[in-house]
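Understanding the architecture of this molecule
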Amino acid sequence: MTAPLLSIENLTRDYALRGRGGATRTLRAVDDVSLAVEAGSVFAVVGESGCGKSTLARIVMALDRPTSGTVRLGGDDLFALSPTALARKRRDFQMVFQDPYGSLNPRHSVGRIVAEPLCLLDDAPRGRDRQALIARALEEVGLPGSAAARYPHEFSGGQRQRIAIARALITRPKLVVADEAVSALDLSIQAQILRLILGLRDRHGLTVLFITHNLGVVDEIADRVGVMQAGRLVETGTVREVLDHPREDYTRKLLAAEPTLAVLAQRERRAWRAGPLASCD
Ligand SMILES: Nc1ncnc2c1ncn2[C@@H]1O[C@H](COP(=O)(O)OP(=O)(O)OP(=O)(O)O)[C@@H](O)[C@H]1O
Ligand SMILES: [Mg+2]
(Lines give C-alpha, C1' and ligand atoms only; values in the text may rest on other atoms or scores of the structure.)
(Ligands and ions follow the chains in the order given, each with its own letter.)
Protein backbone atom coordinates (compact mmCIF):
# COMPACT_ATOMS: atom_id res chain seq x y z
CA MET A 1 0.00 0.00 0.00
CA THR A 2 1.36 3.43 -0.94
CA ALA A 3 1.43 6.15 1.73
CA PRO A 4 -2.05 7.70 2.07
CA LEU A 5 -2.49 11.32 0.95
CA LEU A 6 -4.56 12.11 4.05
CA SER A 7 -3.91 10.44 7.34
CA ILE A 8 -5.82 11.26 10.51
CA GLU A 9 -4.64 9.78 13.79
CA ASN A 10 -6.41 9.72 17.14
CA LEU A 11 -8.19 12.98 16.42
CA THR A 12 -10.27 14.42 19.27
CA ARG A 13 -12.08 17.77 19.49
CA ASP A 14 -13.67 18.89 22.74
CA TYR A 15 -15.93 21.91 23.06
CA ALA A 16 -16.43 23.58 26.44
CA LEU A 17 -20.12 24.27 26.91
CA ARG A 18 -21.10 26.89 29.46
CA GLY A 19 -24.32 26.13 31.26
CA ARG A 20 -26.45 28.27 33.55
CA GLY A 21 -24.59 29.60 36.58
CA GLY A 22 -21.27 29.49 34.69
CA ALA A 23 -20.78 25.72 35.09
CA THR A 24 -18.94 24.20 32.16
CA ARG A 25 -19.13 20.74 30.70
CA THR A 26 -17.21 19.20 27.86
CA LEU A 27 -18.77 18.01 24.65
CA ARG A 28 -16.51 15.58 22.76
CA ALA A 29 -17.57 16.31 19.15
CA VAL A 30 -14.85 14.12 17.61
CA ASP A 31 -13.59 11.20 19.66
CA ASP A 32 -10.32 9.42 18.83
CA VAL A 33 -10.89 9.22 15.06
CA SER A 34 -8.23 7.60 12.86
CA LEU A 35 -8.54 7.12 9.11
CA ALA A 36 -6.40 7.08 5.99
CA VAL A 37 -7.37 8.16 2.49
CA GLU A 38 -5.45 6.91 -0.54
CA ALA A 39 -4.50 9.45 -3.20
CA GLY A 40 -7.02 9.45 -6.06
CA SER A 41 -9.84 7.91 -4.03
CA VAL A 42 -13.12 9.09 -2.53
CA PHE A 43 -13.58 8.45 1.20
CA ALA A 44 -17.07 9.09 2.55
CA VAL A 45 -17.85 9.88 6.18
CA VAL A 46 -21.46 9.07 6.98
CA GLY A 47 -23.49 9.45 10.15
CA GLU A 48 -26.50 11.07 11.79
CA SER A 49 -26.88 14.79 12.38
CA GLY A 50 -24.62 16.01 15.18
CA CYS A 51 -22.24 13.03 15.09
CA GLY A 52 -19.25 15.29 14.39
CA LYS A 53 -18.82 15.14 10.58
CA SER A 54 -18.49 18.90 10.01
CA THR A 55 -16.19 19.28 13.00
CA LEU A 56 -13.93 16.64 11.45
CA ALA A 57 -14.12 18.40 8.05
CA ARG A 58 -13.24 21.79 9.57
CA ILE A 59 -10.19 20.33 11.31
CA VAL A 60 -8.99 18.61 8.11
CA MET A 61 -9.30 22.03 6.42
CA ALA A 62 -7.29 23.58 9.29
CA LEU A 63 -10.23 25.93 9.99
CA ASP A 64 -10.31 24.58 13.54
CA ARG A 65 -7.66 22.90 15.72
CA PRO A 66 -7.93 19.48 17.31
CA THR A 67 -7.79 19.05 21.08
CA SER A 68 -5.42 16.15 20.40
CA GLY A 69 -4.33 13.97 17.50
CA THR A 70 -2.79 14.65 14.12
CA VAL A 71 -3.81 15.37 10.53
CA ARG A 72 -1.18 14.62 7.92
CA LEU A 73 -1.56 15.75 4.33
CA GLY A 74 1.08 14.53 1.91
CA GLY A 75 3.21 13.64 4.92
CA ASP A 76 3.05 17.10 6.58
CA ASP A 77 1.50 17.37 10.04
CA LEU A 78 -0.85 20.34 9.42
CA PHE A 79 -0.87 21.54 13.01
CA ALA A 80 2.92 21.36 13.38
CA LEU A 81 3.49 23.70 10.40
CA SER A 82 4.44 27.34 10.94
CA PRO A 83 1.66 29.82 10.01
CA THR A 84 3.59 30.69 6.82
CA ALA A 85 4.08 27.05 5.86
CA LEU A 86 0.39 26.30 6.58
CA ALA A 87 -0.69 29.28 4.45
CA ARG A 88 1.46 27.93 1.59
CA LYS A 89 0.06 24.41 2.10
CA ARG A 90 -3.56 25.63 1.81
CA ARG A 91 -3.42 25.52 -1.99
CA ASP A 92 -3.29 21.70 -1.65
CA PHE A 93 -6.67 21.37 0.09
CA GLN A 94 -9.93 23.11 -0.72
CA MET A 95 -13.53 22.80 0.42
CA VAL A 96 -16.99 22.65 -1.11
CA PHE A 97 -19.82 23.54 1.29
CA GLN A 98 -23.44 22.41 1.42
CA ASP A 99 -25.27 25.61 0.64
CA PRO A 100 -25.01 26.59 -3.03
CA TYR A 101 -26.80 29.87 -2.24
CA GLY A 102 -24.98 31.08 0.88
CA SER A 103 -21.45 30.03 -0.09
CA LEU A 104 -21.10 32.36 -3.12
CA ASN A 105 -20.95 36.12 -2.55
CA PRO A 106 -23.93 37.49 -4.53
CA ARG A 107 -22.17 40.81 -5.19
CA HIS A 108 -19.12 39.24 -6.84
CA SER A 109 -18.92 38.04 -10.44
CA VAL A 110 -18.49 34.30 -10.95
CA GLY A 111 -14.98 34.97 -12.28
CA ARG A 112 -14.00 36.80 -9.09
CA ILE A 113 -15.52 34.04 -6.93
CA VAL A 114 -13.72 31.25 -8.79
CA ALA A 115 -10.42 33.18 -8.61
CA GLU A 116 -10.61 33.71 -4.79
CA PRO A 117 -8.20 30.90 -3.81
CA LEU A 118 -5.56 32.20 -6.26
CA CYS A 119 -4.50 34.55 -3.46
CA LEU A 120 -2.96 31.44 -1.87
CA LEU A 121 -0.41 31.20 -4.69
CA ASP A 122 2.82 33.22 -4.63
CA ASP A 123 2.94 33.15 -8.39
CA ALA A 124 -0.78 33.72 -9.17
CA PRO A 125 -1.22 34.59 -12.85
CA ARG A 126 -2.56 38.01 -13.82
CA GLY A 127 -4.36 39.55 -16.76
CA ARG A 128 -5.12 37.25 -19.67
CA ASP A 129 -3.47 34.22 -18.03
CA ARG A 130 -5.74 34.67 -15.02
CA GLN A 131 -8.84 34.91 -17.24
CA ALA A 132 -7.75 31.77 -19.12
CA LEU A 133 -7.27 29.89 -15.83
CA ILE A 134 -10.75 30.93 -14.63
CA ALA A 135 -12.31 29.89 -17.95
CA ARG A 136 -10.53 26.52 -17.78
CA ALA A 137 -11.76 25.89 -14.23
CA LEU A 138 -15.34 26.67 -15.31
CA GLU A 139 -15.07 24.41 -18.36
CA GLU A 140 -13.68 21.65 -16.16
CA VAL A 141 -17.02 21.61 -14.29
CA GLY A 142 -19.19 21.78 -17.43
CA LEU A 143 -19.86 25.53 -17.51
CA PRO A 144 -18.90 27.87 -20.34
CA GLY A 145 -15.92 30.19 -19.73
CA SER A 146 -18.28 33.11 -20.43
CA ALA A 147 -20.03 32.36 -17.09
CA ALA A 148 -17.15 34.29 -15.45
CA ALA A 149 -18.78 37.62 -16.33
CA ARG A 150 -22.14 36.68 -14.77
CA TYR A 151 -23.41 36.72 -11.17
CA PRO A 152 -24.47 33.84 -8.86
CA HIS A 153 -28.20 34.70 -8.96
CA GLU A 154 -28.23 33.93 -12.68
CA PHE A 155 -27.48 30.25 -11.96
CA SER A 156 -29.46 27.27 -10.63
CA GLY A 157 -28.50 25.43 -7.43
CA GLY A 158 -26.68 22.69 -9.37
CA GLN A 159 -24.80 25.24 -11.47
CA ARG A 160 -23.82 27.11 -8.30
CA GLN A 161 -22.34 23.92 -6.88
CA ARG A 162 -20.38 23.59 -10.14
CA ILE A 163 -19.09 27.14 -9.57
CA ALA A 164 -18.13 26.20 -5.98
CA ILE A 165 -16.29 23.13 -7.33
CA ALA A 166 -14.50 25.27 -9.99
CA ARG A 167 -13.38 27.58 -7.16
CA ALA A 168 -12.11 24.60 -5.19
CA LEU A 169 -10.17 23.29 -8.21
CA ILE A 170 -8.44 26.48 -9.33
CA THR A 171 -5.33 25.98 -7.19
CA ARG A 172 -5.07 22.37 -8.46
CA PRO A 173 -5.52 20.96 -4.94
CA LYS A 174 -4.66 17.38 -4.06
CA LEU A 175 -7.58 17.06 -1.64
CA VAL A 176 -11.13 18.40 -1.80
CA VAL A 177 -13.32 18.20 1.31
CA ALA A 178 -17.02 18.23 0.37
CA ASP A 179 -19.36 18.73 3.35
CA GLU A 180 -22.91 17.70 2.33
CA ALA A 181 -22.06 19.16 -1.09
CA VAL A 182 -25.11 17.66 -2.82
CA SER A 183 -27.61 17.46 0.05
CA ALA A 184 -29.47 20.64 -0.94
CA LEU A 185 -29.96 19.55 -4.57
CA ASP A 186 -32.69 17.62 -6.39
CA LEU A 187 -31.91 13.94 -6.96
CA SER A 188 -31.17 14.17 -10.69
CA ILE A 189 -28.90 17.19 -10.11
CA GLN A 190 -27.19 15.32 -7.23
CA ALA A 191 -26.40 12.50 -9.66
CA GLN A 192 -24.85 14.94 -12.15
CA ILE A 193 -22.65 16.57 -9.49
CA LEU A 194 -21.56 13.18 -8.12
CA ARG A 195 -20.62 12.11 -11.64
CA LEU A 196 -18.66 15.33 -12.09
CA ILE A 197 -16.68 14.64 -8.89
CA LEU A 198 -15.97 11.06 -9.97
CA GLY A 199 -14.77 12.36 -13.37
CA LEU A 200 -12.36 14.72 -11.59
CA ARG A 201 -11.07 11.84 -9.47
CA ASP A 202 -10.46 9.77 -12.61
CA ARG A 203 -9.01 12.55 -14.80
CA HIS A 204 -6.84 14.33 -12.25
CA GLY A 205 -6.34 11.77 -9.50
CA LEU A 206 -8.24 14.08 -7.14
CA THR A 207 -8.67 12.81 -3.59
CA VAL A 208 -12.02 13.57 -1.96
CA LEU A 209 -13.21 13.47 1.65
CA PHE A 210 -16.96 13.36 1.11
CA ILE A 211 -19.16 14.12 4.11
CA THR A 212 -22.80 13.03 3.91
CA HIS A 213 -25.70 11.70 5.98
CA ASN A 214 -27.04 9.83 2.94
CA LEU A 215 -26.06 6.18 2.41
CA GLY A 216 -27.52 6.27 -1.12
CA VAL A 217 -24.98 8.93 -2.03
CA VAL A 218 -22.17 6.92 -0.39
CA ASP A 219 -23.12 3.97 -2.60
CA GLU A 220 -22.70 6.12 -5.71
CA ILE A 221 -19.56 8.03 -4.98
CA ALA A 222 -17.26 6.46 -2.44
CA ASP A 223 -14.45 3.94 -2.68
CA ARG A 224 -14.28 3.58 1.09
CA VAL A 225 -16.58 4.71 3.86
CA GLY A 226 -16.29 5.47 7.56
CA VAL A 227 -19.41 5.36 9.72
CA MET A 228 -19.46 7.97 12.50
CA GLN A 229 -21.53 7.75 15.67
CA ALA A 230 -21.37 10.28 18.50
CA GLY A 231 -17.91 11.46 17.49
CA ARG A 232 -16.39 8.00 16.98
CA LEU A 233 -15.65 6.18 13.76
CA VAL A 234 -17.36 2.87 14.49
CA GLU A 235 -16.84 1.08 11.19
CA THR A 236 -14.55 1.58 8.17
CA GLY A 237 -14.21 -0.39 4.97
CA THR A 238 -14.91 -0.50 1.27
CA VAL A 239 -18.40 0.64 0.32
CA ARG A 240 -19.42 -2.90 -0.58
CA GLU A 241 -18.11 -4.31 2.72
CA VAL A 242 -19.87 -1.71 4.85
CA LEU A 243 -23.17 -1.35 2.98
CA ASP A 244 -23.64 -5.02 2.05
CA HIS A 245 -22.17 -6.61 5.18
CA PRO A 246 -22.30 -4.05 8.00
CA ARG A 247 -20.54 -5.29 11.12
CA GLU A 248 -21.89 -2.68 13.52
CA ASP A 249 -25.44 -2.51 14.87
CA TYR A 250 -25.33 1.25 14.38
CA THR A 251 -24.58 0.86 10.64
CA ARG A 252 -27.42 -1.67 10.34
CA LYS A 253 -29.69 0.81 12.14
CA LEU A 254 -28.66 3.59 9.76
CA LEU A 255 -29.47 1.31 6.83
CA ALA A 256 -32.78 0.19 8.36
CA ALA A 257 -33.82 3.65 9.59
CA GLU A 258 -34.17 4.85 6.04
CA PRO A 259 -36.19 2.20 4.23
CA THR A 260 -36.39 4.55 1.25
CA LEU A 261 -32.63 4.41 0.79
CA ALA A 262 -32.65 1.39 -1.49
CA VAL A 263 -35.30 3.10 -3.59
CA LEU A 264 -33.37 6.35 -3.47
CA ALA A 265 -30.15 4.68 -4.56
CA GLN A 266 -31.98 2.87 -7.33
CA ARG A 267 -33.60 6.11 -8.52
CA GLU A 268 -30.27 7.89 -8.38
CA ARG A 269 -28.61 5.10 -10.33
CA ARG A 270 -31.33 5.43 -12.97
CA ALA A 271 -30.83 9.21 -13.16
CA TRP A 272 -27.11 8.53 -13.34
CA ARG A 273 -27.46 6.26 -16.35
CA ALA A 274 -29.98 8.52 -18.09
CA GLY A 275 -28.09 11.77 -17.44
CA PRO A 276 -26.35 13.46 -20.39
CA LEU A 277 -22.59 13.04 -20.12
CA ALA A 278 -21.01 16.46 -19.64
CA SER A 279 -23.99 18.74 -19.68
CA CYS A 280 -24.70 21.45 -17.16
CA ASP A 281 -28.12 21.57 -15.59
N1 LIG B 1 -18.24 25.62 17.78
C2 LIG B 1 -18.92 24.74 18.52
N3 LIG B 1 -19.11 24.94 19.86
C4 LIG B 1 -19.77 24.04 20.60
N5 LIG B 1 -20.30 22.89 20.13
C6 LIG B 1 -20.15 22.62 18.82
C7 LIG B 1 -19.46 23.54 17.95
N8 LIG B 1 -19.48 22.99 16.68
C9 LIG B 1 -20.15 21.83 16.78
N10 LIG B 1 -20.55 21.61 18.04
C11 LIG B 1 -21.27 20.41 18.53
O12 LIG B 1 -20.52 19.28 18.16
C13 LIG B 1 -21.36 18.21 17.76
C14 LIG B 1 -21.01 17.79 16.35
O15 LIG B 1 -21.42 18.83 15.45
P16 LIG B 1 -21.14 18.74 13.88
O17 LIG B 1 -21.60 20.01 13.29
O18 LIG B 1 -19.73 18.36 13.66
O19 LIG B 1 -22.09 17.54 13.45
P20 LIG B 1 -22.53 17.02 12.00
O21 LIG B 1 -22.32 15.55 12.00
O22 LIG B 1 -21.83 17.82 10.96
O23 LIG B 1 -24.08 17.32 11.98
P24 LIG B 1 -25.03 17.67 10.70
O25 LIG B 1 -25.27 16.35 9.98
O26 LIG B 1 -26.29 18.19 11.34
O27 LIG B 1 -24.34 18.68 9.85
C28 LIG B 1 -22.78 18.72 17.89
O29 LIG B 1 -23.28 18.31 19.16
C30 LIG B 1 -22.62 20.22 17.88
O31 LIG B 1 -23.65 20.87 18.58
MG1 LIG C 1 -22.48 19.04 9.38
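Residues numbered from 1 in each chain as written. Chains lettered and ligands numbered in written order. Predicted model: local features only at pLDDT ≥ 70, side-chain atom pairs only at ≥ 80, totals over all residues.

- As recorded in an unreviewed UniProt entry, the protein goes by the name ABC transporter ATP-binding protein, listed as coming from Methylobacterium terricola.
- Reading the Sequence similarities (unreviewed entry) entry of the UniProt record for the protein gives the comment "Belongs to the ABC transporter superfamily." (UniProt positions renumbered as here; feature names shortened; annotations may be inferred.)

**Topic: the overall build of the protein**
- Secondary structure summary: the protein contains ten helices and ten strands in total.
- Over its C-alpha trace the protein gives a radius of gyration of 19 Å, about what one expects of a compact globule, namely 19 Å for 281 residues.
- Each principal axis of the C-alpha atoms in the protein carries an extent, and together these give about 55 × 50 × 50 Å.
- Counting only contacts in the protein whose residues sit at least 6 apart along the sequence, the fraction spanning at least 24 positions is 70%. (Helix = DSSP H or I, 4+ residues; strand = E, 2+ residues; numbered from the N terminus. Rg over C-alpha atoms; globule rule 2.2 N^0.38 Å. Contact = placed C-beta atoms within 7 Å.)

**Regarding unusual backbone geometry**
- For N10, which is not a glycine, the phi torsion comes out positive at approximately 50°.
- The topology assignment puts N10 in strand 1 (residues 6-18).
- Judged by local crowding, N10 falls into the exposed class, with 12 C-beta atoms found within 10 Å.
- Residue E180 is not a glycine yet carries a positive backbone phi of 50°. (Buried ≥ 20, exposed ≤ 12 C-beta atoms within 10 Å, placed from the backbone.)

**Observations concerning the sheet that holds strand 5 (residues 76-77)**
- If you trace the four strands from one edge of the open sheet to the other, you get 2-1-4-5, paired in antiparallel fashion. Lying at the two open borders of the sheet, with one neighbouring strand each, are strand 2 (24-37) and strand 5.
- In this structure, strand 1 lies alongside strand 2, joined through ten bridges in antiparallel fashion. In the sheet register, A16 faces strand 2, and the bridge partner there is T26.
- Against the sheet, helix 1 (residues 53-60) engages strand 1, strand 2 and strand 4 (68-73), with an angle of about 65° to strand 2. (Pairing = 2+ DSSP bridges. Axes fitted to C-alpha atoms, helices over the stretch in contact; angles between N-to-C directions.)

**What to know about the site of ligand 1**
- The immediate surroundings of ligand 1 are formed by Y15, L27, A29, G47, S49, G50, C51, G52, K53, S54, T55 and H213.
- Elements with a minimum of two residues in the shell around ligand 1: strand 2 and helix 1.
- For the shell around ligand 1, the leading source of residues is helix 1, giving three residues.
- Taken together, the residues of the shell around ligand 1 sort by class into four nonpolar, seven polar and one charged. (Near = placed C-beta within 6 Å. Nonpolar A, V, L, I, M, F, W, Y, C, P; charged D, E, K, R; others polar.)

**With respect to the environment of E220**
- Among the secondary structure elements, E220 is positioned in helix 7 (residues 215-221).
- Sequence separation between E220 and T238 is 18 residues; the distance between their C-alpha atoms is 12 Å.

**Some details on the pairing of strand 9 (residues 224-229)**
- Where strand 3 (residues 42-46) meets strand 9, four bridges bridge the pair, whose relative direction is parallel. From the neighbouring strand, F43 faces strand 9, where its bridge partner is R224.
- By the bridge criterion, six bridges tie strand 9 to strand 10 (residues 232-238) in an arrangement that is antiparallel. Paired with V227 across the two strands is E235, which belongs to strand 10.
- Turn length for the strand 9-strand 10 hairpin, with the two strands adjacent in sequence and antiparallel, is two residues, and the turn residue A230 shows positive phi of about 45°.

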